[in-house]
Amino acid sequence: MTSNFLKVTIERGAGAKNAQRVFEVPAHENQTVLDVVSWIQQCADPTLSYRFACRVGMCGSCAMMVNGVPRWTCRTHISKVLDDNAVTIGPLRNLPTIKDLVVDMDPFFDKWVAAEGMHHGGRTREHPIAPVDEKSAARIEANAGIECINCSVCYAACDTVAGNPEYLGPAALLRAWTLLNDARDEGREAILDAVSDKSGCHNCHSMGSCTAYCPNELDPMSAIAGLKRETTKSFLGRVR
Amino acid sequence: MLSVRLYFLQRVTALLMAPLVLGHLAMIIYATQGGLSAAEILGRTQGSVLWLLFYGTFVFAVSIHAAIGVRAVVHEWLGVKGAVLEVVMWATGLGLLALGSRAVWAVTFA
C-alpha cells in the first residue's frame, strides 16, 4: 500500500453514473473488497445498501462490479483490483438496480426456471435409487458444472445478455447442461425444448466472458456449446 | 432471437459457403493474373451450367446466412424485435437473393 487510505468510489442509485460517492477508507494489509464496502457502511455511511452472507465464497450473494468487472467481492483481495490506490464499486451489470449495490436477481432466477433448470424426477420412494456411474462421460460433464453458486457474475459479464435481455444467459444454460447429463434427471426433451427457444442457447456468440470471469472457474461457454450440439442432433432427429 | 432452426440454417449455409468462397477467390486471382478481359470472362461463363450452379448456390447460401446474421446484429445493437425484426430478416435475404440472382443470370444465360 502506498497510502494509508484508499479512494473508493461507490456507484449509488439506479442512475449509478450520476450518483457516485467517493469515500476514504483506511487501508489494511489484509482486506477484501467486501471488507471495504462493509467499512463504508459501518463507519462512513449507514444508508449504503449491499448484500452478503457467508463471506467465504459459498453463498453467491456479494457479487458486484469492481472497476467495471464482475467479481465475488468476499474472495477478491483489494490489492488485486486497486488502480493507483483507487477502486470503483458498482451494482452488477445486466440486472435492475434496487438500491446502491443491491440488484434485483429475479430475472436471473426466472431464467433458470425458463431453461428447465430444475430436477425432473420420474421415480417414487418405492423405486430403487437411480445408479450414478461416476466414471461415465456424461457424469464427468455434469460434475464439471455443478459447483455453480448462483452469484450471477457470468450473467453480468455476458455481452449477449446486455444486447439481448431475453437471452437465458450462461448460468441457467450451464444448469440445463448439467441436468441433461445427470442420469437421475428424466427431463431431456423438456430441457432441449427450453434451450432451443428464441431466447435459448443458440444466441450465444461464444465470446467467453462467462468462462473468463466465473469465480469458481466453471466453463459455461463449453456447456452452451454442448447444448448447441445436443439440440442440433435432436432437431435433425425430428426433421428426419 | 435465434431458434435452433435459424441457427442450423446459418451453420449449414456457412459449411456450403466455405469451399465456394475459396473457389471464388481462386477464380478472381486466376482471372486477374492472366489478364483476362471482361469479354473473355463472359465468353467462358455464358451458357455454362456449371458457373450458374456454382454462383447460384453461392448466392442462395449467402442470402440465408447473411439475413440470419443481420437479424442478430439488428436485434442486439438496435433493439429491433417482433414483426419488424422478421421483416428486416426477410427483406435482407430476399434483397440479396434478387440482386445476386440477377448478377449470376447476367453472366451466364442473359
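Residues numbered from 1 in each chain as written. Chains lettered and ligands numbered in written order. Predicted model: local features only at pLDDT ≥ 70, side-chain atom pairs only at ≥ 80, totals over all residues.

Engineer: Let's hear about the overall build of chain B: which residues, and what values?
Structural biologist: In terms of helices and strands, chain B carries four helices and zero strands. Reading the helices (α) and strands (β) of chain B from amino to carboxyl end gives α-α-α-α. A globule of 110 residues ought to have a C-alpha radius of gyration of about 13 Å, yet chain B, at 17 Å, is considerably larger. The C-alpha extent of chain B, read off along each of the three principal axes, is 50 × 25 × 20 Å. The buried share of chain B, taken over its 110 residues, is 19%. Taking contacts inside chain B between residues at least 6 apart in sequence as the whole, the part at least 24 apart equals 78%. (Helix = DSSP H or I, 4+ residues; strand = E, 2+ residues; numbered from the N terminus. Rg over C-alpha atoms; globule rule 2.2 N^0.38 Å. Buried ≥ 20, exposed ≤ 12 C-beta atoms within 10 Å, placed from the backbone. Contact = placed C-beta atoms within 7 Å.)

Engineer: Run through the interface of chain A and chain B, naming residues and quoting values.
Structural biologist: Between chain A and chain B, the residue contacts involve 10 residues of the former and nine residues of the latter. Sort the elements by how many residues they give to the side of chain A that touches chain B and helix H10 (residues 220–239) of chain A lands first, with three residues. Classifying every residue of the side of chain A that touches chain B by side-chain character gives one nonpolar, seven polar and two charged. (Nonpolar A, V, L, I, M, F, W, Y, C, P; charged D, E, K, R; others polar.)

Engineer: Give me the nonpolar core: which residues, what numbers.
Structural biologist: Judged by nonpolar contacts, the single largest core of 57 residues is most densely connected at Leu173, Ala176 and Val195 of chain A. Counting only elements with at least two residues in this core, the list comes to strand E1 (5–11), helix H1 (33–44), strand E3 (63–66), helix H3 (106–114), helix H5 (153–157), helix H7 (170–180), helix H8 (188–195) and H10 of chain A. The leading source of residues in this core is H7 of chain A, at eight residues. Split by domain, the residues of this core number at least three in each of domain 1 (5–103) and domain 2 (106–239) of chain A. Leaving out residues up to four positions away in the same chain, Val195 of chain A has contacts with Ala115, Leu173, Ala176, Gly200, Cys201, Leu227 and Thr231 of chain A. Of all hydrophobic cores here, the second largest spans 14 residues; its members include Tyr7, Ala67, Ile68 and Met89 of chain B. (Core = buried A, V, L, I, M, F, W, Y, C linked by C-beta atoms within 7 Å. Domains from an automatic or database assignment.)

Engineer: Quick rundown of the confidence of the model for chain B? Include the residues and the values.
Structural biologist: Should pLDDT be low for a region, the predicted coordinates there are not to be read in detail. The predicted model of chain B averages 94 in pLDDT, with 100% of residues at 70 or higher. Here the predicted complex scores 0.90 on pTM and 0.85 on ipTM. (pLDDT = per-residue confidence, 0-100.)

Engineer: Quick one: what's the story with H10 of chain A, residue by residue and with numbers?
Structural biologist: With 20 residues, H10 of chain A extends 28 Å from end C-alpha to end C-alpha; this agrees with the ideal 28 Å at 1.5 Å per step. Among all positions in H10 of chain A, only Pro220, Met221, Ala223, Ile224, Gly226, Leu227, Lys228, Glu230 and Thr231 of chain A are buried. (Expected span 1.5 Å × (residues − 1).)

Engineer: Which residues make up the sheet that holds E3 of chain A, and what values go with them?
Structural biologist: Residues and elements named next belong to chain A. Pairing is mixed across the open sheet formed by five strands, whose spatial order is E2-E1-E5-E3-E4. Each having just a single partner strand, strand E2 (20–26) and strand E4 (69–72) make up the two edges of the open sheet. On average, each strand axis in the sheet is tilted by 35° relative to the strand beside it, whichever way the strands run. Relative to E2, E1 runs antiparallel, the two being bridged by seven bridges. By the bridge assignment, Leu6 is partnered in E2 with Val25. Strands E1, E2, E3, E4 and strand E5 (86–90) of the sheet are contacted by H1, whose axis makes an angle of about 100° with E2. (Pairing = 2+ DSSP bridges. Axes fitted to C-alpha atoms, helices over the stretch in contact; angles between N-to-C directions.)

Engineer: Which residues make up the packing of helix H1 (residues 4–33) of chain B against helix H3 (residues 49–78) of chain B, and what are the values?
Structural biologist: Residues and elements named next belong to chain B. Between H1 and H3, the shortest axis-to-axis distance is 8 Å and the interhelical angle comes to 140°. Between H1 and H3, the crossing angle belongs to the class labelled oblique. Taken as a pair, H1 and H3 cross one another with a handedness that is left-handed. Contacts between H1 and H3 involve Leu6, Leu9, Gln10, Thr13, Ala14, Leu16, Met17, Leu20, Gly23 and His24 from the first element and Phe54, Thr57, Phe58, Ala61, Val62, Ile64, His65, Ile68 and Gly69 from the second. For the contact of H1 with H3, the class distribution of residues is 12 nonpolar, seven polar and no charged. (Parallel < 35°, antiparallel > 145°, perpendicular 65-115°, else oblique. Left-handed = near helix turned anticlockwise from the far one by under 90°.)

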